[in-house]
Amino acid sequence: TEIAGFCADMFSTRGDNAAAIGIYDRILEAEPNNQNMRYHKAQALMETGDYKAAKELFTELNEAIPFNASIRNGFSEANRKVMEQYARALEENPDDFENRYEYAWCLFQNDGEAKAQEVMDIPAPEDIAQRCDYENILTKLCQSTGDHEGCLRHAAIWRGINQKLPHRATGREKRRQQK
């Protein structure tokens, strides 16, 4: 593992981050909890411009190693880059709820509650899954700004909608039901 990690670091240093990521992936297949390799992979993902994947990896690292300044800084930088992508996408298509929702989450995660509230200042979506996401983020935004009545109102709506959702064990649906 040490030699493979050294080789991956060398590829990354030379700017061949795709090769480095491939090696990090092989290491992580054998050692999924190797946080050092996960961190280096996240950095390599940043260099390739895969900011969403880097953000996900930094999020996992932050859960495994809380209060680590390097991890937190990596997350913030990845989140900022992802935010820029969602902002551009939202400018191109203001009616795209998914981009709006993800952009608002990124803003919220970088202490941009006021801007996130502005982004989510839209009529409630009719789609049940989107409405669940909508109520969830409004719950979080109200909570963070001290609007306890709004928080309780949106949380109650979210809970009612969440109970009506089909329970799936995949990706976004699973995260939606756990928020």
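Conventions and cut-offs
Residues numbered from 1 in each chain as written. Predicted model: local features only at pLDDT ≥ 70, side-chain atom pairs only at ≥ 80, totals over all residues. Heavy atoms only, no water. Helix = DSSP H or I, 4+ residues; strand = E, 2+ residues; numbered from the N terminus. Buried < 20%, exposed > 50% of the residue type's maximum accessible area, 1.4 Å probe, protein only. Contact = heavy atoms within 4.5 Å. Salt bridge = Lys/Arg side-chain N within 4 Å of Asp/Glu carboxyl O. Phe/Tyr/Trp six-rings, centres within 6.5 Å; stacked < 30°, edge-to-face > 60°.

Chemist: When you look at the environment of M120 in this model, what are you seeing that I'm missing?
Modeler: By the element assignment, M120 lies in the loop between α7 (113–119) and α8 (128–144). The exposure class of M120 is buried, given its relative accessible area of 2%. Distance in space between the C-alpha atoms of M120 and R100 is 7.1 Å, their sequence separation being 20 residues. Contact partners of M120, with chain neighbours within four places excluded, come to F97, R100, Y101, A104, Y134, I137 and L138.

Chemist: Before we go on, may I ask you to explain the pattern of salt bridges in this structure?
Modeler: Note that side chains of opposite charge can pair when their charged atoms are close. Under the defined criterion, the tally for this structure stands at six salt bridges. A salt bridge links E135 to R131; the nearest nitrogen and oxygen atoms lie 2.6 Å apart. One end of the pair is E135 and the other is R131, both in helix α8 and four residues apart, which spans about a single turn. Owing to a relative accessible area of 1%, E135 belongs among the buried residues under this scheme. One connected set of salt bridges, linked through shared partners, spans E77, R80 and E84.

Chemist: Could you clarify how one ought to interpret the packing of aromatic side chains in this entry?
Modeler: The way to describe two aromatic rings as a pair is by their centre distance and the angle between their planes. Applying the stated criterion across every chain yields a total of four aromatic pairs. Taken together, a centroid distance of 6.0 Å and an interplanar angle of 20 degrees make the contact between F97 and Y101 stacked. Taken together, the residues span about one helical turn, with F97 and Y101 both in helix α6 (residues 97–109) at a distance of four residues. Under the relative-accessibility criterion, F97 is labelled buried at 7%. Ring geometry for Y101 versus W105: centroids 6.2 Å apart, planes at 85 degrees, classification edge-to-face. Here Y101 pairs with W105, and both are found in helix α6, just four residues apart, close to one helical turn. Judged by its relative accessible area of 13%, W105 falls in the buried class.

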